[in-house]
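# Examining the three-dimensional arrangement
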Amino acid sequence: MQLKDLFYKIPLLATSGSMNTDVTSLTMDSRKVGPGSLFVAVRGTLTDGHSYIETAIQQGASAILCEELPADINPNIGYVRVQDSARTLGFAAANFYDQPSKKLKLVGVTGTNGKTSVATLLFRLFRSLGYRCGLLSTVQNQIDDEVIPATHTTPDVITTNQLLTRMLAHGCTHVFMEVSSHAVVQERIAGLAFAGGIFTNITHDHLDFHGTFDKYIRAKKGFFDQLPASAFALTNVDDKRGLVMLQNTAARKETYSLQTLATFKGKVIADSLFGLNMLIDDREVWFKLIGRFNAYNLLSVYGTALLLGEDPTEVLTSLSGITPPSGRFEQVVSDDQIVGIVDYAHTPDALLNVLETINELRATDEQDYLPQVITVVGCGGNRDATKRPIMADIACRLSNRVILTSDNPRNEDPMSILEQMQAGISPVDVKKTITIEDRHEAIRHAVSLSRPHDIILIAGKGHETYQEIKGIKYDFDDRVVLRDAFTERRNQ
């Protein structure tokens, strides 16, 4: 593709050199530049891509996209100067790959909690309805049966367009995509044509990146602000900021709720460890998912399916047979009926939702005694530190025993993270709490404390199969460790 075609209908500040230069690839990483590459100089939080323009040219780049032209202009290179390189790249990438998102029904899901569950449920639902589908999520990217490992909640815009192009070639018609707040701010969704957007909820998270809760809200809202009039915007009106998301959108405004009037209305009839019984638009349905938070997820999925033109009865019939995504309220049960629950809950609100659900379920248990709730929880390093004492406090208030442990400490000192969590524990809860830095030992200790029918919650990592310590990812899976601990208990 020629450089001039790459920037068709894109505002430019200045150009230098030939706009007829052939471009064979796009990259923001100078290490990936080859002959014919367009190198995009993006100003990042740690490095400035403008510093690598000369390196990119030496490695064969035929064109440069930047916000500031270098002092020395190479006459053999095509230069394009714009106001925002990251945003412009999104539209250029869409042109380079021939606008794949416009040929698909692309639906984005944003919110603090529930993004993965909703996107995955939509993917599974539409496949069960007979469509070929794509999924872009925290857990994994997927093209029908083909699984592609995910490195970010939302990939960079070049990778996204590459994946969408592959999905089209495979015959996909629908794609469901998690949209993180980071992705909105970093322009990783620029140039994508969405058929719809879903808002799940918003609570405190990622303040390490956004700085303030207000900026975090604006980042989420930024996704809906970009939706076109041809799209729909579906929001949870039970969240007090649900309607805020719709304030400036050009998209068709739709709502869902368990508590008030909405486009799509639901009600929880019964909830148990075996499933969820709901009334959705006056139809009673039993689902395999558990908990009130999943009632919201299911309702948003149902609403989205109808907005995409599907039949209500067929949607509810298919949804009733779908299982939860990996690492979301995933149960591991011992031979003596200790119930282990592995969940990705890594924010205060997510942990609160899971523990409230567990307490509601155990209160209806028919055993002779009320089962204990034993919670194993940690907080990730190099992430929002303000939530650490809050999560410890929630765990203590809603559990009989609490074991604080490492999550993914990354480059932080694990004990420093745990000390910050301990600061949130009230004097009355100190006796029920123990700190064990080693996550493997913490899970084993939780099993040793348990009795038949007790519930052990292992929170924070969910689907993850690694633990990141000092920049190194070690094999670690909460589910595997829990099963091994149950086996060890049985053999004692």
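All figures in this text were calculated on a predicted structure; none of them were measured in a lab.

Another aspect to go through is the overall build of the chain. The helix and strand tally for the chain stands at 15 helices and 24 strands. By the compact-globule yardstick of 23 Å for 492 residues, the chain fits well, its C-alpha radius of gyration being 24 Å. Judged by the C-alpha coordinates and their principal axes, the chain covers about 80 × 50 × 40 Å. Looking at the chain as a whole, 55% of its 492 residues qualify as buried. Put simply, 64% of the contacts in the chain that link residues at least 6 apart link residues at least 24 apart. When the accessible surface of the chain is totalled, it reaches about 20500 Å², and 49% of it is carbon and sulfur. Distance between charge centres in the chain, computed from 49 positive and 58 negative side chains, equals 3 Å.

This part takes up the nonpolar core. Nonpolar side chains in soluble globular proteins tend to be buried together. Of all hydrophobic cores here, the largest spans 37 residues; its most connected members are Leu125, Phe126, Phe176, Met278, Phe287 and Leu319. Broken down by secondary-structure element, the contributors of at least two residues to this core are strand S6 (105-110), helix H4 (115-128), strand S7 (133-136), strand S12 (232-236), strand S15 (275-280), strand S16 (283-287), helix H9 (292-307) and helix H10 (312-319). For this core, the element with the most residues is H9, which contributes eight residues. The residues contacting Phe126, other than those within four sequence positions of it, are Tyr131, Cys133, His174, Phe176, Ala305, Leu308 and Glu310. Residues Ile358, Cys379, Leu398 and Ile425 belong to the second largest nonpolar core, which totals 30 residues.

Spatially, the six strands line up as an open sheet ordered S17-S18-S22-S19-S20-S21, and their pairing is mixed. Since the sheet does not close on itself, it has two edges, and those belong to strand S17 (330-333) and strand S21 (433-435), each with one partner. Each strand of the sheet is rotated relative to its neighbour by a mean of 20 degrees, with strand direction disregarded. Here S17 runs beside strand S18 (residues 339-343); their pairing, made up of four bridges, is antiparallel. If you follow Gln331 over to S18, its bridge partner there is Ile341. Contacts between helix H15 (residues 478-491) and the sheet are confined to S17, S18 and strand S22 (455-459), with S17 contributing the most and set at about 15 degrees to the helix.

Now for the sheet that holds strand S9 (residues 146-149). Strand order in the open sheet made by the 11 strands is S9-S8-S7-S10-S6-S11-S12-S13-S14-S15-S16, with mixed pairing throughout. With one partner strand each, in any of the chains shown, S9 and S16 form the two edges of the open sheet. Adjacent strand axes in the sheet meet at a mean angle of 20 degrees, parallel and antiparallel pairs treated alike. Bridging between S6 and strand S11 (residues 196-199) involves four bridges; their strand directions are parallel. Paired with Thr110 across the bridge in S11 is Phe199. Against the sheet, H4 touches S6, S7, strand S8 (140-143), strand S10 (174-178) and S11, its axis set at about 170 degrees to S10. Helix-sheet contacts for H10 involve S15 and S16, and the interaxial angle to S16 is about 25 degrees.

A complete count under the given rule lists seven aromatic pairs for this structure. Measuring from centroid to centroid gives 5.6 Å for Phe126 and Tyr131, while their planes differ by 45 degrees, and the two rings are tilted. Looking at Phe126, the relative accessible area reads 0%, which means it is buried. Relative accessible area serves as the criterion here: at 28%, Tyr131 is assigned to the partly exposed category. Counting every residue linked through ring pairs, the aromatic cluster contains Phe126, Tyr131 and Phe176. When the ring centre of Tyr466 is taken as reference, the NZ or CZ atom of Lys461 above it lies at 5.1 Å.

This next bit is on H15. Along an α-helix, a turn takes 3.6 residues, which lines up residues three or four apart on a common side. Here H15 spans 20 Å end to end across 14 residues, near enough to the 20 Å set by a 1.5 Å rise per residue. Among the structural elements, S17, S18, helix H14 (439-449) and S22 are those in contact with the buried residues of H15. For H15, the N-terminal capping position is held by Asp477, with its side-chain oxygen 2.9 Å away from the main-chain nitrogen of Arg479.

On to the side chain of Asp407, then. Examined against the element boundaries, Asp407 turns out to sit in the loop between strand S20 (401-404) and helix H13 (414-422). Residues contacting Asp407, with those up to four places away along its chain left out, are Gly378, Cys379, Gly380, Arg439, Ala459, Gly460, Lys461 and Gln467.

Between H4 and H9, the least distance of the axes is 9 Å, while the angle of their chain directions is 50 degrees. Considering their axes alone, H4 and H9 lie oblique with respect to each other. Note on packing geometry: the crossing formed by H4 with H9 is right-handed. Along its contact with H4, which presents Ser117, Val118, Leu121, Leu122, Leu125 and Phe126, the element H9 presents Asn297, Ser300, Val301, Thr304 and Ala305. Considering only residue class, the contact of H4 with H9 consists of seven nonpolar, four polar and no charged.

What counts as what
- Residues numbered from 1 in each chain as written.
- Predicted model: local features only at pLDDT ≥ 70, side-chain atom pairs only at ≥ 80, totals over all residues.
- Heavy atoms only, no water.
- Helix = DSSP H or I, 4+ residues; strand = E, 2+ residues; numbered from the N terminus.
- Rg over C-alpha atoms; globule rule 2.2 N^0.38 Å.
- Buried < 20%, exposed > 50% of the residue type's maximum accessible area, 1.4 Å probe, protein only.
- Contact = heavy atoms within 4.5 Å.
- Areas by Shrake-Rupley, 256 points an atom, 1.4 Å probe, with all protein chains shown as cover.
- Lys, Arg positive; Asp, Glu negative; His and termini not counted.
- Charge placed at Lys NZ, Arg CZ, Asp CG, Glu CD.
- Core = buried A, V, L, I, M, F, W, Y, C linked by side-chain atoms within 4.5 Å.
- Pairing = 2+ DSSP bridges.
- Axes fitted to C-alpha atoms, helices over the stretch in contact; angles between N-to-C directions.
- Phe/Tyr/Trp six-rings, centres within 6.5 Å; stacked < 30°, edge-to-face > 60°.
- Lys NZ or Arg CZ within 6 Å of the ring centre and 35° of its normal.
- Expected span 1.5 Å × (residues − 1).
- Polar contact = N/O pair within 3.5 Å; in protein donor to acceptor, adjacent residues only side chain to side chain.
- Parallel < 35°, antiparallel > 145°, perpendicular 65-115°, else oblique.
- Left-handed = near helix turned anticlockwise from the far one by under 90°.
- Nonpolar A, V, L, I, M, F, W, Y, C, P; charged D, E, K, R; others polar.

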